[in-house]
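One-letter residues, chain by chain:
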Amino acid sequence: MSKRFIAGMRIDDVLDGASLLENQGMTSTLDALGENVHNHQEALRSARVYHEMLDEIARRNLKANVSLKLTQMGMDLGVNVAQEIVAGLVKHAVETGSFVRVDMEGSPYTEATVEMVRELHRIPENKGHVGVVIQAYLYRSEKDIANLTSEGVRVRLCKGAYKEPASVAFPDKSAVDANFVKLMQMLLTSGTYHGIATHDEAMVAATKKFVVSEKIDPHSFEFQMLYGVRRDLHKRLVAEGYNVRIYVPFGPEWYPYFMRRLAERPANVLFILKNLMKP
């Protein structure tokens, strides 16, 4: 089952996967699985994998970038630890003409994640080389997107996969969907290149409808989707002329990663099972 959703164990595996996607007209974001490291040396080891990926992406001339989690870079050891490591990766991305996406984790990390990305993006040479993920199910996301778009920070908008209390997140799917559409419209009219990350056909349709009604250039943003999930939709959007980027995870941490996601939110189990039955 894991082979459907994980590109492999090694850097070469994920780079080969990115190359295959490129041959199908898609770009990729490469993610070395792992989170919540326990010491500084583990954080540095995680960062070395990303430095190697950035070098290999440049060497192979791939249309790919990288996506990382702050807890994988030492966030639990201190914000300063993670910021120093991520700053080094963003500097490397600038040097190689690439981009670093900082993933969003559970709500206890949201404020620090958003502020770290804003601070790194304010460094003139980093502009356009670092971005963040915003989750539509959080009440705070509209304000976060207003702040981020005012500064030209690139955002990946998703619904959110962590189990969150009703005190911080919309508990109903209909409310999450409505907020997703509102935030999508804010992003697509901001003048910055963003990613709309969803496999929900209703959200895809709402995005396409807004693009047409507002005469938005369909190449001024991209749809983003998970590796192995709704491959039929990936291909259809490419055929329709939209930019599509696939989030491609890899590495030996795949098993604990999957088990945590499934334990946190039972809906994730149904999501995976449904997609195993699709092309």
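Residues numbered from 1 in each chain as written. Predicted model: local features only at pLDDT ≥ 70, side-chain atom pairs only at ≥ 80, totals over all residues. Heavy atoms only, no water.

1. Focus: the packing of aromatic side chains
The tally for this structure, following the rule as stated, stands at 4 aromatic pairs. Here the aromatic rings of Phe-221 and Phe-223 are separated by 5.4 Å at their centres, their planes lie at 75 degrees, and the arrangement is edge-to-face. Given a relative accessible area of 1%, Phe-221 falls into the buried group. For the ring pair Phe-221 and Tyr-242, a centre distance of 6.2 Å and an interplane angle of 55 degrees mean the geometry is tilted. In this pair, Phe-221 sits in strand β7 (residues 221–226) while Tyr-242 sits in the loop between α9 (231–239) and β8 (244–250), placing the two residues 21 residues apart along the sequence. Side by side, Phe-221 and Tyr-242 carry an identical accessibility label, which is buried. Taken together through their ring pairs, the aromatic side chains of Phe-221, Phe-223 and Tyr-242 make up a single cluster. It is Arg-154 that lies over the ring of Phe-99; its NZ or CZ is 3.9 Å from the centre. (Phe/Tyr/Trp six-rings, centres within 6.5 Å; stacked < 30°, edge-to-face > 60°. Buried < 20%, exposed > 50% of the residue type's maximum accessible area, 1.4 Å probe, protein only. Helix = DSSP H or I, 4+ residues; strand = E, 2+ residues; numbered from the N terminus. Lys NZ or Arg CZ within 6 Å of the ring centre and 35° of its normal.)

2. Observations regarding the environment of Val-102
Locating Val-102 in the fold gives a position in strand β3 (residues 100–102). Val-102 has contacts with Leu-68, Leu-70, Val-86, Thr-113, Val-117, Val-130, Gly-131, Val-132 and Val-133, leaving out every residue within four places of it along the chain. (Contact = heavy atoms within 4.5 Å.)

3. Some thoughts on the pairing of strand β6 (residues 194–197)
Burial along β6 is two-sided: His-194 and Ile-196 facing one way and Gly-195 and Ala-197 facing the other are all buried. The pairing of strand β5 (residues 154–158) with β6 spans 2 bridges and is classified as parallel. Bridging from a neighbouring strand, Arg-156 pairs with Gly-195 of β6. For β6 and β7, the ladder comprises 4 bridges, and the chain directions are parallel. Looking at the pairing, Ile-196 lines up with Phe-223 of β7. Considered for its hand, the β-α-β crossover made up of β6, helix α8 (residues 201–213) and β7 is right-handed. (Pairing = 2+ DSSP bridges. Right-handed = clockwise from strand over helix to strand, strands pointing away.)

4. Quick look at the sheet that holds strand β2 (residues 64–68)
Sheets are built from strands paired through backbone hydrogen bonds, the pairs being either parallel or antiparallel. Strand order in the closed barrel formed by 8 strands is β1-β2-β3-β4-β5-β6-β7-β8, and the pairing between neighbours is parallel. Between one strand axis and the next, the sheet turns by 30 degrees as a mean value, whatever way the strands run. (Axes fitted to C-alpha atoms, helices over the stretch in contact; angles between N-to-C directions.)

5. Some points on helix α4 (residues 79–96)
The first and last C-alpha atoms of α4 sit 26 Å apart over 18 residues, in line with the 26 Å expected at 1.5 Å per residue. Along α4, the residues classified as buried are Val-81, Ala-82, Gln-83, Ile-85, Val-86, Leu-89, Val-90, His-92 and Ala-93. Downstream of α4 by a residue or two, Gly-97 has a phi angle that is positive, lying close to 70 degrees. (Expected span 1.5 Å × (residues − 1).)

6. Brief notes about the pattern of salt bridges
Taken as a whole, this structure holds 24 salt bridges when the rule is applied. The residue Glu-151 makes a salt bridge to Arg-118 at a minimum N-O spacing of 2.5 Å. Note that Glu-151 is positioned in the loop between α6 (141–150) and β5 and Arg-118 in helix α5 (residues 110–121), a separation of 33 residues in sequence. By relative accessible area, which is 22% here, Glu-151 ends up partly exposed. Using a relative accessible area of 12% as the deciding quantity, one classes Arg-118 as buried. Close ionic contact of Asp-177 with Lys-159 constitutes a salt bridge, the shortest N to O distance being 2.7 Å. (Salt bridge = Lys/Arg side-chain N within 4 Å of Asp/Glu carboxyl O.)

7. A closer look at α5
Relative to the 16 Å expected for 12 residues at 1.5 Å per residue, α5 spans 17 Å between its end C-alpha atoms, a close match to the ideal helical length. Of the surrounding elements, those touching the buried residues of α5 are α4, β3, β4 (130–135) and α6.

8. With respect to the packing of α5 against α6
Where α5 meets α6, the axes come as close as 11 Å, and the angle between the chain directions of the two elements is 10 degrees. Classified by the angle their axes make, α5 and α6 are roughly parallel. Contacts between α5 and α6 pair Thr-110, Val-114 and Arg-118 from the former with Asp-144, Asn-147 and Leu-148 from the latter. Residues that form the contact of α5 with α6 fall into these classes: 2 nonpolar, 2 polar and 2 charged. (Parallel < 35°, antiparallel > 145°, perpendicular 65-115°, else oblique. Nonpolar A, V, L, I, M, F, W, Y, C, P; charged D, E, K, R; others polar.)

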